[in-house]
Amino acid sequence: MDGKRMFELAERLAIAKSRQDVAAALEVLHPDMVLETPAFGTRAQGLAENERVLTRFFKSFPDYHVALDGHANSADTLICWGTARMTMTGDRFGGAPNGRRAELPVFIAFAFRDDKIAHERFVFDLSELCAQSGLSTDAVRRKLFGDATQAA
C-alpha cells in the first residue's frame, strides 16, 4: 500500500474518532484490528472488542478530538504525530477530574492489511493527561495497573 492511501485511511479514522462516530471508525478497520494504548495498558483485538473500547473511551472523553500534524511511512507502516484534545469525565480513572480540556502531543503507529487499518498503537503521556486533568498520576496508574506499578 502506498503512503498516500495509508494516510487517507488514518485521516478517515481520525475524523471518525473526533466525531465520536464508532461506526465510521469501524469501517476503516480490518476484522482482526489490534488497538494498543500503552498509557492505559489496553489492547483490543477484533472489531467487536474495538467497538467496546472506543465506546468506553468516548464515554470517558466525550469531546475527544485529534489533529494529525504530520506523518511518515515505510512500505508497510505509517507514523503520524499531532495533538489530541480531550476532557476527562467520570471516575473511571480513580478520581474526580477537574473538567479542564487537556491538550497532548500524540504519536500513532499504523499497520495495514487488505486496504484496512490492521494495527494502531496510540501513544501519549499519561502523566501529562493526569496533570492537566487534576488527577494524581500515581493514583491513576494504580487504578489502571493495580499493584504492578508499585513493584517497579
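These numbers were taken from a predicted model, which means no experiment stands behind them.

A. Local environment of the overall build of the chain. Along its length, the chain carries five helices and six strands. Each helix (α) and strand (β) of the chain, taken in turn from the N terminus, gives the series α-α-β-β-α-β-β-β-β-α-α. The C-alpha radius of gyration of the chain comes to 15 Å, within 12% of the 15 Å expected for a compact globule of 152 residues. Each of the three principal axes of the chain carries a C-alpha extent, and together these read 45 × 30 × 25 Å.

B. Representation of the nonpolar core within the structure. By size, the foremost hydrophobic cluster in this structure holds 45 residues, and its most contacted members are Phe-61, Tyr-64, Phe-110, Ile-117 and Leu-129. Among the elements that take part in this core, helix H1 (residues 3–18) stands out by supplying seven residues, more than any other. In contact with Phe-110, not counting residues within four places along its chain, are Ala-10, Leu-13, Asp-76, Thr-77, Leu-78, Cys-80, Ile-117, His-119 and Glu-120.

C. Representation of helix H4 (residues 126–133). Within the sequence span of H4, burial applies to Leu-126, Leu-129, Cys-130, Gln-132 and Ser-133. Against the buried residues of H4 lie strand E4 (77–87), strand E5 (101–113) and helix H5 (137–145). Among the residues trailing H4, Gly-134 stands out with phi positive, at a value near 75°.

D. The arrangement of the side chain of Thr-83 in detail. Tracing the sequence through the fold places Thr-83 in strand E4. Thr-83 gets classed as buried once you look at its relative accessible area, which sits at 16%. The residues touching Thr-83, leaving out its near neighbours within four places in the chain, are His-65, Val-66, Ala-67, Asp-69, Glu-103, Leu-104 and Val-106.

E. Spatial organisation of empty space enclosed by the protein. This model, assessed by the stated rule, comprises two cavities of 30 Å³ or more. In this structure, the largest cavity occupies an estimated 160 Å³ of space. Around the largest cavity, the lining is made up of 14 residues, and of these Leu-35, Thr-37, Leu-54, Phe-57 and Phe-122 lie nearest the centre. Of all the elements in the fold, those that place two or more residues in the lining of the largest cavity are strand E1 (29–37), helix H3 (47–60) and strand E6 (116–123). Along the lines of polarity and charge, the residues of the lining of the largest cavity split into eight nonpolar, two polar and four charged. As a volume, the second largest cavity reaches approximately 60 Å³. Top element by residues in the lining of the second largest cavity is H1. It accounts for four residues.

Parameters and conventions
- Residues numbered from 1 in each chain as written.
- Predicted model: local features only at pLDDT ≥ 70, side-chain atom pairs only at ≥ 80, totals over all residues.
- Heavy atoms only, no water.
- Helix = DSSP H or I, 4+ residues; strand = E, 2+ residues; numbered from the N terminus.
- Rg over C-alpha atoms; globule rule 2.2 N^0.38 Å.
- Core = buried A, V, L, I, M, F, W, Y, C linked by side-chain atoms within 4.5 Å.
- Buried < 20%, exposed > 50% of the residue type's maximum accessible area, 1.4 Å probe, protein only.
- Contact = heavy atoms within 4.5 Å.
- 1 Å grid on protein atoms, 1.4 Å probe; cavity = no way out; pocket = protein on both sides within 12 Å on 5 of 7 lines; lining within 4 Å.
- Points joined across faces, edges and corners; volume = space filled by probe spheres on them.
- Nonpolar A, V, L, I, M, F, W, Y, C, P; charged D, E, K, R; others polar.

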